[in-house]
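Residue-level structural notes
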Amino acid sequence: MKIRFATPDDVLLILSFVQKKSEFDRSIGAYSGVLKVTEDKIRKTIFGAVPFSYVLFAETSECVVGFALYGFRYSSFIGQPSIWLDDLYVDEDMRSQGAGAMLMNYLAQVAKDNDCTHLAWNADVRNRRGLSFYDRLGAKITEQKGNRCFLTWTPQILAV
């Protein structure tokens, strides 16, 4: 398995993973909205002159099995960026085989390379398997509002 950055040729693949992630969230009761993302919106916002997000893929020799969609935030008080992880999704039949950990470890390296202080994201409390995975990484729930857990993770490579 390897991790790679998405390219403009991956727009349809990104869209398919966003759809899979929304279906997963819908299945646990964490999402009931209507997806408004389109190929054109992805092309403009991720591969335009100013990228608003970035995408990593986990792939085997046969196919792409997971993705992470993230962006950078900046703290004026600290004077450093952090990473906001918007989506992490691994195909169900590939879970517990290392793809999620590889994506998160790659994100930790991206954070280090960009002098980030930490990574943050949120997850639904009903996603027990996901929360267990994040706990094993060392992520901490900093706040919970209803079913929404807010997590932060400062990987060892950032804490050095």
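Here we summarise the structure given alongside this text. (Residues numbered from 1 in each chain as written. Predicted model: local features only at pLDDT ≥ 70, side-chain atom pairs only at ≥ 80, totals over all residues. Heavy atoms only, no water.)

Each helix and strand in the protein was counted, giving five helices and seven strands. For the protein, the sequential pattern of α-helices and β-strands runs β-α-α-β-β-β-α-β-α-β-β-α. For a compact globule of 160 residues, the expected C-alpha radius of gyration is about 15 Å, and the protein comes in at 15 Å, within 12% of that figure. When the backbone C-alpha atoms are referred to their principal axes, the protein occupies close to 35 × 35 × 30 Å. Evaluated residue by residue, the protein yields a buried proportion of 39% over its 160 residues. Taking the contacts inside the protein whose residues are at least 6 apart along the sequence as the reference set, 60% of them involve residues at least 24 apart. In the structure as shown, the protein presents an accessible area of about 9100 Å², 52% of it carried by carbon and sulfur atoms. Each charge class in the protein can be summarised by its mean position, and for the 19 positive and 18 negative side chains these summaries are 5 Å apart. (Helix = DSSP H or I, 4+ residues; strand = E, 2+ residues; numbered from the N terminus. Rg over C-alpha atoms; globule rule 2.2 N^0.38 Å. Buried < 20%, exposed > 50% of the residue type's maximum accessible area, 1.4 Å probe, protein only. Contact = heavy atoms within 4.5 Å. Areas by Shrake-Rupley, 256 points an atom, 1.4 Å probe, with all protein chains shown as cover. Lys, Arg positive; Asp, Glu negative; His and termini not counted. Charge placed at Lys NZ, Arg CZ, Asp CG, Glu CD.)

Tracing the sequence through the fold places valine 34 in the loop between helix H1 (11-27) and helix H2 (39-46). Classification of valine 34 as exposed rests on a relative accessible area of 66%.

Applying the stated rule across the entire model yields 10 aromatic pairs. Through a chain of ring-to-ring contacts, three or more aromatic side chains come together here, namely Phe17, Phe24, Phe57, Phe67 and Tyr89. The residue whose ring lies beneath lysine 20 is phenylalanine 17, and the NZ or CZ to ring-centre distance is 4.2 Å. (Phe/Tyr/Trp six-rings, centres within 6.5 Å; stacked < 30°, edge-to-face > 60°. Lys NZ or Arg CZ within 6 Å of the ring centre and 35° of its normal.)

Moving on, we get to helix H3 (residues 99-113). An ideal rise of 1.5 Å per residue puts 21 Å on 15 residues; H3 measures up with 21 Å between its terminal C-alpha atoms. Within H3 the residues assigned to the buried category are Ala99, Gly100, Leu103, Met104, Leu107, Ala108, Val110 and Ala111. Looking one or two places after H3, you find aspartate 115, whose phi comes out positive at around 55 degrees. (Expected span 1.5 Å × (residues − 1).)

All right, on to the sheet that holds strand E6 (residues 140-145) then. Taking strand neighbours across the sheet as the criterion, the seven strands line up as E1-E2-E3-E4-E5-E7-E6 in an open arrangement whose pairing is mixed. The open sheet has two edge strands, strand E1 (2-5) and E6, and neither has a second partner. When strand polarity is set aside, the average angle formed by the axes of neighbouring strands in this sheet is 25 degrees. Across five bridges, the pairing between E6 and strand E7 (residues 148-153) is antiparallel. If you follow glutamine 144 over to E7, its bridge partner there is cysteine 149. (Pairing = 2+ DSSP bridges. Axes fitted to C-alpha atoms, helices over the stretch in contact; angles between N-to-C directions.)

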